[in-house]
Structures are given as C-alpha cells and as structure tokens.
Amino acid sequence: MSATVAPVRGRTPLLSALTWAVAAVVLILAAGIAVAYGVPAPQVAAYGAYWLFAVIAPGFLIHKGLRGTRGSWLADIVYAAGTGLAVELLAWMALSLAHLQPALRFWPLVTLVLLIVPSVRRRLLERPTEAGSPLWSAVTASAVGWAWWLLATGFLNAQPLPPSPVPYYVDLPWHLSLIAEARRAFPMLTPQLITAGPLKYSWFVHAHMAIGSIVSGVPDYVVLLRLAPIALTAFGIAAVAVVARQLTGSAGAGALAAWLTIPPALVGLWPHLTSTTNIFNPVSPTQLYSVGISVLLAGVLASLLDGTGSKAGTWVIALLVGLATTGSKSSVMLMIFCGVAAALLAALFLRRRRVAAGVLLAGAAGLTVLAVALVSGGNYGNRPQLFSALTSLTPYRRIAGANDFTLPIPAGFTGPGGPALFWPLLLLALVRFGLLLGFVVPFLSAELRHRLSAWLLAGIVASAWIPFVVMGHRGYSQYYFMFGAVPFAAILVAWAAQRAVGGSRTRLVTAWSVGAVAGLAVAVVHAVRHSRRAPGSVEAWWNALDRFSLEAGIFCGLALLLICAGVVLRRRGRPMLAAIAAGAILGPALGTAAVTAPMSHPANQTARYSVITLNESQAALWMRDNVPFDAVVATDTQCRVRTGPTCDARRWWISGLSGHRVLLEGWAYTAEFDGTRFTDPDLYAFNQSLFTKPARDNIARAKQLGVTWLVSERFPGSATVSADLARFADVAYVNDTVTVYRLR
C-alpha cells in the first residue's frame, strides 16, 4: 500500500533533516525506556557505544566495502548491523580460544585492514541512491515504538532487575547461565551439569549478549533483561522494512511489512479464544535474535536469486550471515532451506538463475546439517501427532482437557464431538496465523510469479505449516516455526499489497482509507469484547466456538471473495478492487496491533512476591562479587517444588544469576533427562551426599571435579545439611534461606 520512493535527485536538505530527526527520536525513546526500567544512564550509553562501534561500524566497513550501498542509509546501517553480528561471533570464538575475551573491545580495529583494498575504499564512499522519506520513516519508527510498548508492558514490567522478590519467567535464568558460559569459554559447556560436556543448543544469541556485556562492561543480566531486547526488537523490525523495501521498490511497503510483524492475530475480534503472539518476545532470546538475522539472510539470497547482487562480495556476505543464522534458532535454517528449494524449483521451471539457485541450495543444505549437528537443541518431546498444535488453544483445554502426546491424533478430535471441536479450532488457527497463508501470493500474481525471491519467501512461509500440522511437542515448540515465518509472510503480503496498489496515488489513498476504517472497526470490537468475561462452563465454551465459527466463516468468505474478484479484475485492467481488498483485509490486522498493548494489563506483581526468590537473588549477586568466576559450585537444590530425580528440575539461579558452573543443578534441558527422570542416579546421589553425608572421600572426589564452593537452601521439603559439613567447609555467606560454603 505505497508509492515508489523517489530516486536520489528528489532529496532536499529539509527531507534529509526530517528523516534523521525521526532516527534521533527513536534513539532517545530507546534510551528513555531503558532508564525508565532501571538501567543507569551510563550503562545505556556504554551499550549503545557497543552497538555503534563494535557491531555497526565494523559491519558497515565489511558489508559496504564488499557490496557497496544498498540504496539508503537505513539499509546500509541495518545490513551493517547484521554483518557485524555475524562477524563478532568469529572474533569471540578466536579470542575465547586464546583466553583473551577482554580484547573483544578492540576486535573492530582488525576490519580496518580492508581499507588497504582500493575497491573497498571506493564502495565505502558511495552515497545512498534513494531519497529518504520522513513519512515512511516515521511510520516504520512508529512500528518500532509500538513493539517497544508491547515489550515494556509484557516483559520489562514483569521481569525486574535483581535483586528482586519477583520470580523470573522459568527459562530466563537458564538463558542467563548460557550468557555467563559464553563470557567464560568457547566451546561452551553445559553450566548446569559440568560432566555433560559441550553445550548443544542454539547459543549464538547468548554469545552475542556475552560479547555485549564484555565490550560495554554492562552486567549480563541487564543485557538480557533490558538492553538486548530493546536493541534486537528495533533491529528485527528495521530488517523487515529494509528487505521489503529492497524487493518491492517501495518504502511504504517496507513500513507496512514492519507493522504486519506486530499483530498477535490477523483479526482480533475473538480475544478470549486464542492467546496473543509476539514474535519479539524476549522470554525466547533465540526467537528474538533470529528475526533480524534470518530476514537479512533472505535479503542477500534474494539479491543472488534475482541477479541483482552477483558480485563476489554478496556471496561472502551470504556465507557470513548464513553462518550466523545456523545458530540463531534451530527452526530457522530448516525454513531457509525449504525457501531456497522452492526458489530452485521455480528457477528450473522458469529457466533462469538455475546455477545460482542450485549453489545456494547446496549451501543451505550444508548449513542446515551444520546447525543440526552442532548447535541445534531442545528436541526433547518431539513426536509425530497430527494437529497437536491445536491442543494448546484455550477452547481445547477447557473442553477436552490436557493432551495425550503419545496418541497419533489428539483424543479430543477422535472421540464424541471430535469433528465439532476440530474444525472451529482449525479455523481459529487460520485466523490467528492468517498472514502465513501469504505463501499463495506468487500463484496469484503474474509479476511475482516470475521473481525467484518471491518463491524464496513463499517456500519459507509454507514450510512453517508442516511442523504445525504433523509435529507434537510437549512445549508446543512447533509454534516457533510459525513465529519465525511471520516476518517473511509480512514482506510477501506487503509486496502483494504494493502490487495491488501499483503506482496510483488514488488507489494508495483508497487502500489506506479502507484499511483505516476496517482497522478502527476491529479495534473497537476488540476493546468491547476484551472487557467481557471469558466463558466459564464447557457449554459456554461450545457456544463461544459456535459464534466464532459463524463470524469467522463470514469474514473469511468475504475476504476470499474480495481476493479472487480483485485478482480477476486487476488482470482485466480494473485494479481498484484489488486495492480495496488489500485495505479491507490488512486493516483489521493493524487494528488488532493498535489495541493489543492498551488491552494487555500487567499481572499484579505483589501477588507473585517470594521471599525465597529475593534471598536467592541476593545470594547470587554476593557470589558474583566474591566467588571466582571460573569456580565450580555444588548445590543440594535442583527442583522447583519437591526434590528427587523425577522432580521439575528447572531451578537455575546459581548458574544463571551468579553465573557459575554447577556440578548438578536443574537437569531439565540436558541430555541426561529422558522426559521423566535424571538418568544418572549415581551422580545425583553423590551430589546430595556432599550435604547430607559429607566425608573425606566424597569431598575429595568433588574437588577432583573442580568443586570449591557449596550452596544449600532451606525451604519446606528440602534435605537437612549434616553438621559434619563444618569439618570440610566454612560458611562464607548466609541469609534466611541460602547458605554458601567455601571448601577448605
């Protein structure tokens, strides 16, 4: 829904000044949010300097030096950031192997060597070829601002900086432990279980946050809980806008794509039936990190597929960003591979760029194998189960109860009333992820049908539906394929909308006007319905599903009719209906995004206060200051509630908040957990004996394993520490529930 951006000759000093003013407002807003949520201003400045001088500056020199300008300052900066994020990983690996992590502050100086090459100097001096648009820059910036609003109300407000009595989201201390491990060594070990060997997980984001902490001097928990989410959210949205602009030739389409990454659903008329979705949610740092990196990889691949970037430098950048993508999130590289495969099929059919597509597919296959073999993890609980993802929806749980993942098809869909439950829930999923139906765009548009880059995006988006349909996972990780496909679908749908509008200002105004009216209507209905109570009884949930099926069926039918009529009439030279259809369908998505934040009320923090959590965080911060960073700790507490090898072993405050390796802490995400119990009972018994039955032999064995500190906790159900421990260790720190011992 946009007009094409003017070439550089349309630039005026006033427009340039206004565009840079928009960027300045965004930076000031970012700093203000960080300070408002407890980050000291000097730490904000230090972390900002890290992004500028250790990410963007070296990335700018490498990327622009190899490829030249990408057309605009925003594109050059965003591609530079992606390149910098990729190359900093290589610098971190090399310096960590040499135990020279503090030297990471100076690694960007190495990139100055490129200035020796005359062609690099020539490309660095290239001016952007496109005029900046203050209007579309402001629209894109508003998308970033709204995403930050969601971040503030949904995450920053609920995850305070330590010490705090508010329990953290259960996985955050685990992610923090991996950041501490990345600060300590490469290859990274499993910090919760030192005998487990190298860590197998998508840990590139943890390395990035560790680098940011080392270079800026900001504590890693501040990076994880505050600064990195703010920066990576802006980077992801900007990457979507830049790649959409690159493919469509329209800054307005870039701004539209940026906004389309934010809505929790295509239409928000049924707020109680499905949970919200935020692909920039920091409770999954891997998801947050993967958005910008993977989108920029798609942008580079699109240049190679369309023949607009066949220089050797573009292939180098594709390799660098591709390597960074392999460890960003385990699902992403598989989807990229599927997208390149789709592009190759299209290349064979269209008889163009077949060699380039084939080489890219071979490269994507190699990177996918590398990702699966070395850095992918979190596969516990995967098994085939048709439409298992639908069992996470609230109506299924209220009507059919918890899902049995051992069945080939969920029991709620095969028993009495199964079809009556299945079809509305399938429709609900389609409404929630309606944007991901955008993979059909190349089939509907003759112009896009001949663009290999469109097939690349379509293949990525279509591949996300496969695990959503056939995969079962106790943690519903198949949803991450859907979340990962959202930015690519946003670009593809914005591209289709731009083609529907074309270069006509009349159709542009019409599309945005229709979209504004439709979006406002949905926003009002959402606000009204959100204020109503959710269904209570099973019968009420059935009635809610019946109403939803009728309303959503009508909406989807009208949308399908509009799309088909718009496509047909556009082919006959009457494109106005296509523009109206674009506004009528995408407006509700933007209206949903506009009311998500105000309708999201933070939980009552007082009700979540925990004395145990406060004591743990206080003890952890003491350990940060007084226990050597490379020390190994043993603890008698691995479980969230009860103790024993079959408990919920997701307790990670020592490896997380204190940042130390542990002999045996929460084992839930280790290979030694088989889904029901810890599979090394001898190690568990030995670990517990250090506290309950300390003796010369087991203490000596612990020291051989590197253990020099012990941490014990006292709470209902915990084991009693033997008085004999005083023969081997001294109390170094104690509060109401935590005692830290130093072995003699």
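Rules and cut-offs
- Residues numbered from 1 in each chain as written.
- Predicted model: local features only at pLDDT ≥ 70, side-chain atom pairs only at ≥ 80, totals over all residues.
- Heavy atoms only, no water.
- Helix = DSSP H or I, 4+ residues; strand = E, 2+ residues; numbered from the N terminus.
- Rg over C-alpha atoms; globule rule 2.2 N^0.38 Å.
- Buried < 20%, exposed > 50% of the residue type's maximum accessible area, 1.4 Å probe, protein only.
- Contact = heavy atoms within 4.5 Å.
- Areas by Shrake-Rupley, 256 points an atom, 1.4 Å probe, with all protein chains shown as cover.
- Lys, Arg positive; Asp, Glu negative; His and termini not counted.
- Charge placed at Lys NZ, Arg CZ, Asp CG, Glu CD.
- Patch = residues over 30% accessible without salt bridge, like charges linked within 9 Å, V, L, I, M, F, W, Y side chains within 5 Å.
- Salt bridge = Lys/Arg side-chain N within 4 Å of Asp/Glu carboxyl O.
- 1 Å grid on protein atoms, 1.4 Å probe; cavity = no way out; pocket = protein on both sides within 12 Å on 5 of 7 lines; lining within 4 Å.
- Points joined across faces, edges and corners; volume = space filled by probe spheres on them.
- Nonpolar A, V, L, I, M, F, W, Y, C, P; charged D, E, K, R; others polar.
- Axes fitted to C-alpha atoms, helices over the stretch in contact; angles between N-to-C directions.
- Parallel < 35°, antiparallel > 145°, perpendicular 65-115°, else oblique.
- Disulfide = S-S within 2.5 Å.
- Core = buried A, V, L, I, M, F, W, Y, C linked by side-chain atoms within 4.5 Å.
- Pairing = 2+ DSSP bridges.
- Phe/Tyr/Trp six-rings, centres within 6.5 Å; stacked < 30°, edge-to-face > 60°.
- pLDDT = per-residue confidence, 0-100.
- Left-handed = near helix turned anticlockwise from the far one by under 90°.

Notes on the overall build of the chain
Looking only at helices and strands, one finds 27 helices and seven strands in the chain. Over its C-alpha trace the chain gives a radius of gyration of 27 Å, about what one expects of a compact globule, namely 27 Å for 744 residues. In terms of its C-alpha atoms, the chain occupies a principal-axis envelope of roughly 90 × 75 × 45 Å. Across the 744 residues of the chain, 57% fall into the buried class. Excluding contacts between residues fewer than 6 apart, the proportion of contacts in the chain whose partners are at least 24 apart in sequence is 77%. If you sum the accessible surface of the chain, you get close to 29,200 Å²; carbon and sulfur atoms cover 66% of it. Averaging the coordinates of the 55 positive side-chain charges in the chain and doing the same for the 28 negative ones gives two points 15 Å apart.

Quick word on the side chain of Asp76
For Asp76, the location among the structural elements is in helix 3 (residues 73–97). In contact with Asp76, not counting residues within four places along its chain, are Phe60, Lys64, Gly68, Thr69, Arg70, Gly71 and Pro128.

Some details on a nonpolar patch on the surface
Side chains of Phe106, Leu109, Leu112 and Leu115 sit close together on the surface and give an oily, nonpolar patch of about 390 Å² of accessible area. With respect to the secondary-structure elements, Leu112 resides in the loop between helix 3 and helix 4 (118–124). What makes Leu112 partly exposed here is its relative accessible area of 43%.

With respect to the side chain of Thr233
As for its placement among the helices and strands, Thr233 is situated in helix 8 (residues 220–248). You can call Thr233 buried: its relative accessible area is 1%. Look past the residues within four positions of Thr233 in its chain and what remains in contact with it is Ala147, Trp148, Phe280 and Leu288.

Some thoughts on empty space enclosed by the protein
Overall, the coordinates contain three cavities of 30 Å³ or more when judged by the stated rule. Lining the second largest cavity we find Gln287, Ser290, Val291, Ser294, Val332, Met335, Ile336, Ile460, Gly484, Pro487 and Phe488. Within the residue set of the lining of the second largest cavity, elements represented by two or more residues are helix 10 (285–306), helix 12 (330–350) and helix 20 (479–501). Of the residues forming the lining of the second largest cavity, the biggest block, four residues, is contributed by helix 10. Among the residues making up the lining of the second largest cavity, the classes are represented as seven nonpolar, four polar and no charged.

What to know about the packing of helix 10 against helix 13 (residues 354–375)
Taken N-terminus to C-terminus, the directions of helix 10 and helix 13 make an angle of 150°; their axes are 8 Å apart at the nearest point. Classed by the angle they form, the pair helix 10 and helix 13 counts as roughly antiparallel. Note on element contacts: helix 13 touches helix 10 through Ala356, Ala357 and Leu360, opposite Leu301, Leu304 and Leu305.

Side note on the state of the cysteines
For the structure on display, the rule yields zero disulfides. Among the cysteines around Cys556, which has no disulfide bond, Cys564 carries the closest sulfur, lying 13 Å off.

Brief notes about the nonpolar core
In this structure, Trp51, Trp92, Trp203 and Leu436 are the most contacted members of the largest nonpolar core, which totals 211 residues. Here this core takes 21 residues from helix 8, the largest share from any one element. Sequence-distant contacts of Trp51, defined by excluding residues within four places in its chain, comprise Ile56, Ala81, Leu85, His208, Ala231, Leu232 and Phe235. Core analysis: the next-biggest nonpolar cluster, separate from the first, contains 25 residues, Leu193, Phe678, Val707 and Tyr741 among them.

Remarks on the sheet that holds strand 7 (residues 738–743)
On the basis of which strands lie adjacent, the open sheet formed by five strands has the order 4-3-5-7-6 and mixed pairing. A single partner strand is all that each edge strand has here, and the edge strands are strand 4 (661–662) and strand 6 (729–734). Summarising the sheet, strand 5 (residues 707–713) and strand 7 pair through five bridges and their orientation is antiparallel. Residue pairing across strands places Glu713 opposite Val738, the latter belonging to strand 7. Where helix 26 (residues 681–692) meets the sheet, its contacts fall on strand 3 (632–635) and strand 5, and the angle it forms with strand 3 comes to roughly 80°.

Examining the packing of aromatic side chains
One pass over the full model with this rule turns up 31 aromatic pairs. Where Phe433 meets Phe468, the ring centres are 5.9 Å apart and the plane angle is 70°; that geometry is what we call edge-to-face. Pair noted here: Phe433 is in the loop between helix 16 (418–432) and helix 17 (441–444) and Phe468 is in helix 19 (residues 452–470), with a separation of 35 residues, a long-range link. Judged by relative accessible area, which is 3%, Phe433 ranks as buried. When its relative accessible area of 2% is taken as the criterion, Phe468 is described as buried.

What to know about the confidence of the model for the chain
Across the chain, pLDDT averages 88, with 92% of residues at or above 70. Mean pLDDT values for the elements of the chain range from 75 in helix 23 (residues 576–599) up to 97 in helix 7 (residues 204–216). With pLDDT under 50 throughout, residues 1–9 is counted as low confidence; its partners more than four residues away or in other chains account for 40 contacts. Every residue in residues 599–607 scores below 50 in pLDDT, and together they form nine contacts with partners more than four places removed in sequence or on other chains.

Things to note about unusual backbone geometry
Cis geometry marks the peptide bond from Pro162 to Pro163, where omega comes out at 0°. Along the chain, the position of Pro163 falls in the loop between helix 5 (134–156) and helix 6 (172–184). Of note in the backbone geometry, His99 takes a positive phi value of approximately 60° without being a glycine. On the secondary structure map, His99 appears in the loop between helix 3 and helix 4. The exposure class of His99 is exposed, given its relative accessible area of 64%. For Arg351, which is not glycine, the phi torsion reads 60° and is therefore positive. Among the residues examined, Arg351 registers a relative accessible area of 67% and is labelled exposed.

Observations regarding the packing of helix 3 against helix 10
Two numbers describe how helix 3 lies on helix 10: the axes approach to 10 Å, and their chain directions differ by 110°. With respect to their mutual orientation, helix 3 and helix 10 come out roughly perpendicular. The two elements helix 3 and helix 10 meet at a crossing, and its hand is left-handed. Between helix 3 and helix 10, the residues in contact are Val78, Tyr79, Gly82, Leu85 and Leu89 and Tyr289, Ile293, Leu296, Gly299 and Val300, respectively. A class-by-class count of the residues in the contact of helix 3 with helix 10 yields eight nonpolar, two polar and no charged.

Regarding the pattern of salt bridges
For the coordinates displayed, the defined rule picks out twelve salt bridges. For Lys64, the salt bridge identified is with Asp76, shortest N-O distance 4.0 Å. In this pair, Lys64 sits in helix 2 (residues 41–67) while Asp76 sits in helix 3, placing the two residues twelve residues apart along the sequence. Like Lys64, the residue Asp76 is buried in the burial classification.

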